[in-house]
Amino acid sequence: MTVLALGQATFAQGALAGDDGERDAARAAILRQQEAFRHDDAAAAYAEAAPAIRSIFSSAETFIGMVRQGYAPVYRNRRFEFGTDEALPDGGLAQGVRIQDQDGTDWEALYTLEREADGAWRITGCRLRKAPGTSA
C-alpha cells in the first residue's frame, strides 16, 4: 500500500467481464487481506502485498503498523464493498471499494493489483480518500 491521494477516476463497470474468474481471484486477495486485518494477522495481511510493497516494509509488523496508522478505514471498518473495476494496460487490475469506517464516515479506496509469476494476484497499492460529499 502506498500513501497517495485518490484523484478523480472513472472505472468501466465489469471491464473484466470477459473473465469473471480473474476479477474474482483479484477480489479474493483483497478479501483475504481484509480478513487478516480483522484478526490482527500481520503475516497474512503482508502475504497479500506484492513483492515491491514488501520490499518497502521490512516486516509484517512494520507493514500492519503503517496500515493501522495511515489506513484506519481499511484496517477497521463497518462496511467494505466492491465497486467497479478496470483492467490496466500492464495486465493488472484497479478495483474500487466503498468503505464506511467505524465512525460512520464514507471512504473510497482504489486498490491496484498485479498477477505474480505463480498466477496469484497481489496488492500493489491502495489509494484512499473520503467519499465525495463527506465532510472533512
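Everything below is about the structure printed above this text.
Bear in mind that the values here come from a model prediction, so they are computed numbers and not experimental data.

### A few points about the side chain of D101
- Checked against the element boundaries, D101 lands in strand β2 (residues 93-101).
- Among buried charged residues, D101 stands out as having no salt bridge; its nearest opposite-charge side chain is R78, 6.2 Å away.
- Of the polar contacts made by the side chain of D101, one reaches the backbone nitrogen of D103; its length is 2.9 Å.
- Among the polar contacts made by the side chain of D101, one reaches the main-chain amide nitrogen of G104 at a distance of 3.0 Å.
- Contact partners of D101, with chain neighbours within four places excluded, come to P73, R76, N77, R78 and W107.

### Digging into the sheet that holds β2
- Taken in spatial order, the four strands make up an open sheet running β1-β2-β3-β4, and their pairing is antiparallel. If you trace the sheet from one side to the other, it starts and ends with β1 (77-87) and β4 (121-130), each paired once. Direction aside, the axes of adjacent strands within the sheet are offset by 25° on average.
- Pairing analysis gives nine bridges linking strand β3 (residues 106-115) to β4, with the strands arranged antiparallel. Its bridge partner lying in β4, T112 is registered against G125.
- Across the sheet, helix α1 (residues 20-38) lies against β1, β2, β3 and β4, angled at about 155° from β1, the strand it touches most.

### Some remarks on the nonpolar core
- Membership of the largest hydrophobic core comes to 32 residues, with the highest contact counts inside it found for F37, F63, V74, I99, Y111 and L113.
- Those elements that provide at least two residues to this core are α1, α2 (42-47), α4 (60-70), α5 (72-75), β1, β2, β3 and β4.

### Some words on the packing of aromatic side chains
- Applying the stated criterion across every chain yields a total of five aromatic pairs.
- Here the aromatic rings of F37 and Y75 are separated by 5.8 Å at their centres, their planes lie at 55°, and the arrangement is tilted. You can see F37 sitting in helix α1 and its partner Y75 sitting in helix α5, a full 38 residues away along the chain.
- According to the relative accessible area criterion, Y75 is buried, its value standing at 9%.
- Geometrically, the ring pair formed by F80 and Y111 is edge-to-face, given 6.3 Å between the ring centres and 75° between the ring planes. Residue F80 is found in strand β1, and its partner Y111 is found in strand β3; the two are separated by 31 residues along the sequence.
- A residue is classified by how much of its surface remains accessible, and F80, at 15% relative accessible area, is buried.

### So, unusual backbone geometry
- Of note, the phi angle at D40 is positive, near 50°, even though the residue is not glycine.
- Counting through the fold element by element, D40 comes out in the loop between α1 and α2.
- Of the residues examined, D40 reaches a relative accessible area of 40% and is grouped as partly exposed.

Definitions and limits used
Residues numbered from 1 in each chain as written. Predicted model: local features only at pLDDT ≥ 70, side-chain atom pairs only at ≥ 80, totals over all residues. Heavy atoms only, no water. Helix = DSSP H or I, 4+ residues; strand = E, 2+ residues; numbered from the N terminus. Buried < 20%, exposed > 50% of the residue type's maximum accessible area, 1.4 Å probe, protein only. Lys, Arg positive; Asp, Glu negative; His and termini not counted. Salt bridge = Lys/Arg side-chain N within 4 Å of Asp/Glu carboxyl O. Polar contact = N/O pair within 3.5 Å; in protein donor to acceptor, adjacent residues only side chain to side chain. Contact = heavy atoms within 4.5 Å. Pairing = 2+ DSSP bridges. Axes fitted to C-alpha atoms, helices over the stretch in contact; angles between N-to-C directions. Core = buried A, V, L, I, M, F, W, Y, C linked by side-chain atoms within 4.5 Å. Phe/Tyr/Trp six-rings, centres within 6.5 Å; stacked < 30°, edge-to-face > 60°.

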